[in-house]
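Descriptive analysis of the structure
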Amino acid sequence: MMMMNCNMAGRLFYLLPLVLITLYLPASSLAQSVTASFQTNPVDEDRTTILICNVNNLGTNNVVIDRTIYSRTEQLVSGTQILPSVDDNFFLSINDNADGSKTYFMTIRGVYHITDPGTYTCRIESTGGSVITSQSAILSINYNPISSDPRCSIADSNTDLTRLSGDEVVLACTSEIGYPPVDIKWSYSGCNKDRYVPAPTVTSFGFYNSELKIALSDQDNGGMFTCTLSRPDGSYSKGCSVGPFVVLGGEVCNMESTAMTAPSPTYDGKMTTDGSPSPTDGIMATEGNDSWTHVANKLLCMLCILLCFVFYAV
């Protein structure tokens, strides 16, 4: 038993220097590694975020920061410098940590949803040609569609708002999608309480193209169709409209008999509010003729009085 304890003590004696070296060796000397993460992600458009790369055991090797957007990879940082080809809104600072590691802070100011979202990586390139790459840090940017969106139009060859009952009309609404994607929907305002708004056909590839196909009826006279973009939390809502439609022969309902609000339609000078021909169409107005007749009668009376006065004077 005594012999066994001596042997174990001897082994521990030889292992003690290795243990002490391991305990006091800087962490950065133990393994070469690199990590990447964003300080804020997702970030609102026009705000600032920072890509943080922690590098262990860099030595004399080089650090490179890349960004990949739409399968296109661009080098942003090499060594301690932002590359000249990179936008002016990128800034780099490096911190030497107490444990011998380094932290690279790449600041992106005024992020823009077209140029800045994508996949960012940090990598160590050794002089011997080996490369150690971090996991991907994906940057997402919250943004709303541009101020000119949405844009509404009639997608037919006939873009006239004056139509016949039964005409089919294709309405279009185009817009950026935003991030997170905004909700898009069509609605109807007017006197046709039975108006059914079908589900639109929506295609998207970076933007919405929503098409609504409808068949107009007599009751759609004065009606308007609206495309609305919105967010569930109410932070964003914007719309555009097509109309009001003038359906020939259609009747505008009594506004007091319906809870729906119909916009005032704009008609040309030959249409009345019920869509029928104007009663003065092709007929000369008589208000001016009546006025001249009245003046002529007065002059004739005055002439008669004057003649009478002359007759009696003679």
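Conventions we followed
Residues numbered from 1 in each chain as written. Predicted model: local features only at pLDDT ≥ 70, side-chain atom pairs only at ≥ 80, totals over all residues. Heavy atoms only, no water. Core = buried A, V, L, I, M, F, W, Y, C linked by side-chain atoms within 4.5 Å. Buried < 20%, exposed > 50% of the residue type's maximum accessible area, 1.4 Å probe, protein only. Helix = DSSP H or I, 4+ residues; strand = E, 2+ residues; numbered from the N terminus. Contact = heavy atoms within 4.5 Å. pLDDT = per-residue confidence, 0-100. Salt bridge = Lys/Arg side-chain N within 4 Å of Asp/Glu carboxyl O. Pairing = 2+ DSSP bridges. Axes fitted to C-alpha atoms, helices over the stretch in contact; angles between N-to-C directions. Disulfide = S-S within 2.5 Å. Phe/Tyr/Trp six-rings, centres within 6.5 Å; stacked < 30°, edge-to-face > 60°.

With that settled, consider the nonpolar core. L51, M106, I108 and Y120 are the most contacted members of the largest nonpolar core, which totals 24 residues. Of all the elements in the fold, those that place two or more residues in this core are β1 (33-38), β3 (49-56), β4 (62-69), β5 (72-78), β8 (102-108), β9 (118-125) and β11 (137-139). Ignoring any residue separated from it by four or fewer positions in sequence, one finds I108 in contact with F38, R47, T48, T49, N89, F90, D116, Y120 and L139. Core analysis: the second largest hydrophobic core is formed by 21 residues, V182, W186, Y236 and V247 among them.

The next thing to look at is the confidence of the model for the chain. Model confidence for the chain is summarised by a mean pLDDT of 78, while 70% of its residues fall at 70 or above. Within the model, the stretch residues 12-29 combines pLDDT values under 50 with 9 contacts to residues more than four positions away or in other chains. This model gives residues 255-296 a pLDDT under 50, and the stretch forms 46 contacts once residues within four places in sequence are excluded.

Okay, the pattern of salt bridges next. Summed over the entire model, instances satisfying the criterion amount to 9 salt bridges. The partner of R123 in a salt bridge is D66, and the shortest N-O contact between them spans 2.5 Å. On the criterion of sequence distance, the pair formed by R123 in strand β9 and D66 in strand β4 is long-range, its members being 57 residues apart. As far as burial versus exposure is concerned, R123 and D66 are alike and both buried.

With antiparallel pairing, the 3 strands of this open sheet are ordered in space as β16-β19-β20. The strands lining the two open edges of the sheet, one partner per strand, are β16 (183-189) and β20 (237-242). When the angles between neighbouring strand axes are averaged without regard to direction, this sheet yields 25°. Bridge analysis of β16 against strand β19 (residues 224-230) gives 7 bridges, and the strand direction is antiparallel. Bridge pairing links S189 to M224 in β19.

Mapped onto the elements of the fold, P198 is located in the loop between β16 and β17 (201-204). C-alpha of P198 to C-alpha of K213: the two residues are 15 residues apart in sequence and 7.6 Å apart in space. Not counting chain neighbours up to four residues away, the residues in contact with P198 comprise L212, K213 and I214.

With that out of the way, let us pick up the sheet that holds strand β18 (residues 207-215). Reading across the sheet, the 4 strands line up as β13-β15-β18-β17 and stay open at both edges, with antiparallel pairing between neighbours. Looking along the sheet, the strands with just one partner apiece sit at the ends: β13 (151-154) and β17. Sheet twist, expressed as the average angle between the axes of neighbouring strands with direction ignored, equals 15°. In this sheet, β18 lies alongside strand β15 (residues 168-176) in antiparallel orientation, the contact comprising 9 bridges. Note on β18: the bridge partner recorded for V170 is K213.

On inspection of all chains with the given rule, the structure shows 3 disulfides. Residue pairing for C173: its cysteine sulfur links by disulfide to C227, the two sulfurs lying 2.1 Å apart. In this structure the cystine formed by C173 and C227 twists about its S-S bond by roughly -70°; its chirality is therefore left-handed. On the criterion of sequence distance, the pair formed by C173 in strand β15 and C227 in strand β19 is long-range, its members being 54 residues apart.

Right, let's talk about the packing of aromatic side chains for a bit. One pass over the structure, following the stated rule, counts 3 aromatic pairs. On the basis of an interplanar angle of 90° and a centroid distance of 5.1 Å, the ring pair of F38 and Y120 is categorised as edge-to-face. Taken together, the residues F38 in strand β1 and Y120 in strand β9 connect sequence positions 82 residues apart. We classify F38 as buried; its relative accessible area is 12%. Consider the rings of Y188 and F225, whose centres lie 5.1 Å apart with planes at 55°: the pair is tilted. Remark: F225 occurs in strand β19 and Y188 occurs in strand β16; sequence separation between them is 37 residues. The same class applies to Y188 and to F225, which are both buried.

Let's shift gears to unusual backbone geometry. Following Y179, the chain continues into P180 via a peptide bond in cis, with omega recorded as -10°. Relative to the helices and strands, P180 resides in the loop between β15 and β16. Cis peptide bonds are those with omega within 30 degrees of zero, and the linkage from G243 to P244 qualifies with 0°. Phi is positive for D46, close to 75°, though the residue is something other than glycine. Given the relative accessible area of 60%, D46 is considered exposed. Although it is not a glycine, S71 adopts a positive phi angle of roughly 70°.

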